[in-house]
Amino acid sequence: MLPLQVHFLLIPSLMSIMGAAQYMMQDAALLSYIDQRFLSLEKRLEKCSQDVLEYVDEFQEFSKAVLSRLARLSSDKTELKGQVENLLTRVEHAQRDIDYFGSVMDSNACVEVHEDLLKQQLLEEAEEKKRLKLMLNASCDHMLAGIRSLKVVKKTGGKHGSWMKDPGKKHGKIYLLSGSVNNVILEFANIMAFMENNQTLKARRVPLPLPWEGTGHVIYQGFLFYHRHGSLNEIVKFNIQRRSVADQMLLPGAGRIPAYQLSPQTKIDLALDEQGLWALHAEPETGGNIVLTKINPAAMAVEHSWDTPCSSRDAEAAFMACNTLHVVYNSPSGGSSRIQCVYDVLGALNAHTNPGLHFPKRQGGHSTVHYNPKEKQLFAWGDGSQIIYKLHTEQKV
């Protein structure tokens, strides 16, 4: 009985000893793991330090090489500068020698050369004038002698706008373009439909993908030509029937100042006459005088340009008729419109003033005045009114 009791007393002690031994083994394993981790980290830190030292050494060597190279470049630059200065001095000496030899040359030889150049210049000018006459098909033998009468066809729209017929088509359609910035054309079947009170209800509306600017647009051979809003000098060719842009071009020098001082909304004014499409604008380089440009409407390209003596100051509009520019002037307060400057591109007429060419029976300004070469009339927009002026012409002298 006693041995059995001793056995039961020893069991708990043995269990306690075994548990303590198990915990000691776990602690030893944990310490071994921690030790291995520290060894690994120490090795990595040592490698990192070694790499940093290598990078520092490499950077220092590279810096020395770069500084040395830059020093050599500076030295080369100084040497090159000296060579350039020496070369310039030699060129100056040579130039003085050339000037001296030129001054002692026979003056008769110089006169002969100048005469040859003058003959060549005169020959080129004659050829250019001949080419212009062929290009413009100089069949216009009449000149504007007066504005005989006017007819107020309608009063619709605001202060700025334009209206017209297409002189390149046989139909009698009327086109209305209201405002100085817009993107909708109104097309009327004829003049009677346009004159009706409810004319806007009977109009065909033609929207444009690109809006116009100013009032200097024209319609010719089924196309609308206009200055694109927001652009400096872009001219758009729009197919009215297909409702699409057919072509575009840039007009050099145009768009920086208004074409006419009294119509500042128009930077580029397009015009038609017996010879086709023209562009009118003013440039600062010409002192504000009007520049005239002949445009090929098929190719949308400039054919020739003329700097005219006609000023844009106090001008409100202008139009082309038979190769001749006619500039309309007024007072800033809006008096009687009059044509005061005429310029024939073929030189048959010198640019001159015409104080007698007044617009009859009307006070106020014009937003546009455009010539219709088919009907020999002016289509004008004045203070919201659509006006037709009949012209009196005479044979050119």
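Residues numbered from 1 in each chain as written. Predicted model: local features only at pLDDT ≥ 70, side-chain atom pairs only at ≥ 80, totals over all residues. Heavy atoms only, no water.

Enquirer: Before we go on, may I ask you to explain the layout of surface pockets in this structure?
Expert: Vacant regions in the atomic arrangement are exposed by a probe of water-molecule size rolled over the atoms. Taken as a whole, the largest pocket holds about 260 Å³ of empty space. Lining of the largest pocket is provided by 17 residues; of these, K159, L262, E316, G365 and H366 occupy positions nearest its centre. Of the residues belonging to the lining of the largest pocket, the class tally is three nonpolar, 11 polar and three charged. (1 Å grid on protein atoms, 1.4 Å probe; cavity = no way out; pocket = protein on both sides within 12 Å on 5 of 7 lines; lining within 4 Å. Points joined across faces, edges and corners; volume = space filled by probe spheres on them. Nonpolar A, V, L, I, M, F, W, Y, C, P; charged D, E, K, R; others polar.)

Enquirer: Just to check I follow, could you spell out the state of the cysteines for this structure?
Expert: Joining two cysteines, a disulfide is a covalent bond between their sulfur atoms. Summed over all chains, the structure comprises one disulfide. Between the sulfur atoms of C310 and its disulfide mate C341 the distance is 2.1 Å. Handedness here is read from the sign of the S-S torsion; for C310 and C341, about -75°, the answer is left-handed. Here the residue C310 occupies a position in strand β13 (residues 301-311), and C341 occupies one in strand β16 (residues 338-344), the gap between them amounting to 31 residues. (Disulfide = S-S within 2.5 Å. Helix = DSSP H or I, 4+ residues; strand = E, 2+ residues; numbered from the N terminus.)

Enquirer: Before we go on, may I ask you to explain a nonpolar patch on the surface in this structure?
Expert: On the surface, L30, Y33, I34, F38 and L41 cluster together into a nonpolar patch covering about 510 Å² of accessible area. Tracing the chain through its elements places I34 in helix α1 (residues 2-103). Classification of I34 as partly exposed rests on a relative accessible area of 37%. (Patch = residues over 30% accessible without salt bridge, like charges linked within 9 Å, V, L, I, M, F, W, Y side chains within 5 Å. Areas by Shrake-Rupley, 256 points an atom, 1.4 Å probe, with all protein chains shown as cover. Salt bridge = Lys/Arg side-chain N within 4 Å of Asp/Glu carboxyl O. Buried < 20%, exposed > 50% of the residue type's maximum accessible area, 1.4 Å probe, protein only.)

Enquirer: Looking at this model, I keep getting lost on the pairing of strand β3 (residues 174-178). Mind explaining?
Expert: Looking down a regular strand, the side chains alternate between one sheet face and the other. Most of β3 is tucked away, with four of its five residues classed as buried. Strand direction decides the pairing type here: strand β2 (residues 161-164) and β3, joined by four bridges, are antiparallel. Bridging across to β3, G161 finds its partner in S178. Strand direction decides the pairing type here: β3 and strand β4 (residues 181-188), joined by three bridges, are antiparallel. Within β4, the position partnered with L176 by the bridge is L186. Between β3 and the antiparallel strand that follows it, β4, lie two residues; G179 among them carries a positive phi value of about 95°. (Pairing = 2+ DSSP bridges.)

Enquirer: What is the right way to read the nonpolar core from this model?
Expert: Nonpolar side chains tend toward joint burial in soluble globular proteins. W278, L280, L292, L325 and V327 are the most contacted members of the largest nonpolar core, which has 19 residues in total. Sorting the residues of this core by element identifies β11 (276-282), β12 (289-296), β13, β14 (315-321), β15 (324-329) and β16 as the ones contributing at least two each. Contact partners of L280, with chain neighbours within four places excluded, come to A259, Y260, K267, I268, D269, A271, I290, V291, L292, A318, M320 and L325. Counting residues in hydrophobic clusters, the runner-up holds 17 residues, among them L357, F359, A380 and L391. (Core = buried A, V, L, I, M, F, W, Y, C linked by side-chain atoms within 4.5 Å. Contact = heavy atoms within 4.5 Å.)

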